[in-house]
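Fold and contact review
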Amino acid sequence: MTAQVVVFIASKNSNTTHRRVLWRTSEADARKICSDERTSGRSHMLCWTAHYIDDPEINRYVRDNGAYAQVLADHDVTILHSFGAHRRPDRRLAA
């Protein structure tokens, strides 16, 4: 089985006590994502870790706004888990 890791946003001026996780992927895919120069800027970068990836006190999944869609496509990345994947479906009835 391939090792799973989380890819998270590291911000230069942030003092959060948790990781802002975008996705859970394989380690190989995380290395591709985080090595791509398009995933870092002046005040942030995407990083990955295999440490404590199941701890909800440390990891908070955040919504993917699509900013890295082309990076994911270019590297043929498989997302194993992301924001909303663990949420219950909307049970409201259609009018």
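Details of the structure are given in the entry above.
Bear in mind that the values here come from a model prediction, so they are computed numbers and not experimental data.

1. Examining the nonpolar core
As a rule of thumb, soluble globular proteins bury nonpolar side chains together. In this structure, V5, V7, L22, W23, A30, I33, L46, Y68, V71, L72 and V77 together form the largest nonpolar core, which totals 11 residues. Residue contacts for A30: discarding those within four places in its chain leaves V5, V7, T25 and W48. Counting residues in each nonpolar core, the second largest holds 6 residues, with V6, V21, C47 and Y61 among its members.

2. Here's the deal with the pattern of salt bridges
Under the defined criterion, the tally for this structure stands at 5 salt bridges. The residue R31 makes a salt bridge to E27 at a minimum N-O spacing of 2.7 Å. Remark: E27 and R31 occur in helix α1 (residues 27-35); sequence separation between them is 4 residues, near one turn of the helix. Overall, the relative accessible area of 45% leaves R31 in the partly exposed class. Classification of E27 as partly exposed rests on a relative accessible area of 23%. With a closest N to O distance of 3.5 Å, K32 and D29 form a salt bridge. Residue K32 and its partner D29 are located together in helix α1, separated by 3 residues, close to a single helical turn. By relative accessible area, which is 36% here, K32 ends up partly exposed. Put simply, D36, R38 and D74 are held in one network by salt bridges that share partners.

The rules we used
- Residues numbered from 1 in each chain as written.
- Predicted model: local features only at pLDDT ≥ 70, side-chain atom pairs only at ≥ 80, totals over all residues.
- Heavy atoms only, no water.
- Core = buried A, V, L, I, M, F, W, Y, C linked by side-chain atoms within 4.5 Å.
- Buried < 20%, exposed > 50% of the residue type's maximum accessible area, 1.4 Å probe, protein only.
- Contact = heavy atoms within 4.5 Å.
- Salt bridge = Lys/Arg side-chain N within 4 Å of Asp/Glu carboxyl O.
- Helix = DSSP H or I, 4+ residues; strand = E, 2+ residues; numbered from the N terminus.

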